[in-house]
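Geometric and topological summary
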Amino acid sequence: MTKVFTNRRQSFKAVDGVNFRLYPGQCLGIVGESGSGKSTAARMIAQLETTTEGRILYRNQDITNTPGRKRKSIYRNMQMIFQNPLDSFDPRRKLGSSVVEVLCNYGFSKIEARAQMKKLMERVGLNDEIADRYPHQVSGGQCQRAAIARAIALKPEILICDEATSALDVSVQQQIIKLLKELQSEYHLSILFICHDLALVQEMCQRVIVMYEGKIVEEGAVDEVIENPKEVYTRRLLDSVLSI
């Protein structure tokens, strides 16, 4: 059974399957090898995949497989940043226009949306020239910054980062991590950070869960889990990274 909870009051506890809580202002990492279920869990929370068992609770309300009309209110408070920023944008729209579109869909006038878009792009380190380009005309790092601007446009409570840095080179990864940490503090974001890079997880997150074959096998404070793993699989996962 798969159970994913986002709740403000109860503590995180791992049980059979996937069962966790994400707190306001917390960055929770999810690690595990390919196929362990990390991204599937994230996509279910974001309503991008159908949940076949279990429940997803947001502010004590069951949002599992929310119908399309009601899903819009969820997306206002929950946004996702994907692994490949280029694929997450409409190639026929300029980057700034994509941010404007999100704001207009939630009631902003075009004038208000454009003014807000410029502030958002500036906040993530992009200028008007970049905002006026198409996704394929900018670097991967610039495109991901634009994706972050779009994700925070509605001031969500939850940001889901699904391997959001893995398609970027090392120096750009560090820039994006720095930006995410600043935005987490500034917006009091709860971040679900899915990543295969344990060093980035340790830098970014306060807590971490380790997944294997669709189940949580270990959880705890990030330093404790990475430096003193209790489970055989976690030790194996760490050894595979250290041996590279």
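Refer to the preceding data block for the structure.
About the thresholds
- Residues numbered from 1 in each chain as written.
- Predicted model: local features only at pLDDT ≥ 70, side-chain atom pairs only at ≥ 80, totals over all residues.
- Heavy atoms only, no water.
- Salt bridge = Lys/Arg side-chain N within 4 Å of Asp/Glu carboxyl O.
- Buried < 20%, exposed > 50% of the residue type's maximum accessible area, 1.4 Å probe, protein only.
- Axes fitted to C-alpha atoms, helices over the stretch in contact; angles between N-to-C directions.
- Helix = DSSP H or I, 4+ residues; strand = E, 2+ residues; numbered from the N terminus.
- Parallel < 35°, antiparallel > 145°, perpendicular 65-115°, else oblique.
- Left-handed = near helix turned anticlockwise from the far one by under 90°.
- Contact = heavy atoms within 4.5 Å.
- Nonpolar A, V, L, I, M, F, W, Y, C, P; charged D, E, K, R; others polar.
- Pairing = 2+ DSSP bridges.
- Core = buried A, V, L, I, M, F, W, Y, C linked by side-chain atoms within 4.5 Å.
- Right-handed = clockwise from strand over helix to strand, strands pointing away.

**Looking at the pattern of salt bridges**
For the structure shown, the criterion picks out 11 salt bridges. Note that R92 is salt-bridged to D90, the shortest N-O span being 3.1 Å. Residue classification places R92 among the exposed positions, given a relative accessible area of 70%. In this structure, the salt-bridge partner of R133 is E129, at a minimum N-O distance of 2.5 Å. R133 gets classed as partly exposed once you look at its relative accessible area, which sits at 25%.

**Focus on the packing of helix α3 (residues 95-105) against helix α4 (residues 110-123)**
At their nearest, the axes of α3 and α4 sit 9 Å apart, and the two run at 125° to each other. Taken together, the axes of α3 and α4 lie oblique to each other. Once α3 is placed against α4, the crossing between them reads as right-handed. Where α3 approaches α4, its residues L95, G96, V99, V100, L103 and C104 are matched on the opposing element by K110, A113, R114, Q116, M117, L120 and M121. For the contact of α3 with α4, the residue count by class is nine nonpolar, two polar and two charged.

**What to know about the pairing of strand β5 (residues 78-81)**
Side chains M78 and M80 of β5 all project onto a buried face; the interleaved residues Q79 and I81 project onto the opposite face, where all are buried too. As paired elements, β5 and strand β6 (residues 158-162) share four bridges and run parallel to each other. If you follow M78 over to β6, its bridge partner there is I158.

**Description of the nonpolar core**
Among the nonpolar cores identified, the biggest contains 55 residues, and M121, I148, L180 and F193 are the most heavily contacted of them. Take this core: its biggest share by element is seven residues, from helix α6 (residues 140-152). Grouped together as the second largest cluster of nonpolar side chains are 22 residues, I45, I160, L192 and I216 included.

**Brief notes about the side chain of Q47**
If you trace the backbone, Q47 turns up in the loop between α1 (38-45) and β3 (56-58). Here Q47 is in contact with I56, I63, T64, N65, T66, R71 and Y75, once residues within four sequence places are set aside.

**Quick notes on the pairing of strand β7 (residues 190-194)**
Counting buried positions over the five residues of β7 gives five, a clear majority of the element. Once the chain exits β6 it traverses helix α7 (residues 170-187) before rejoining the sheet at β7, and the crossover so formed is right-handed.

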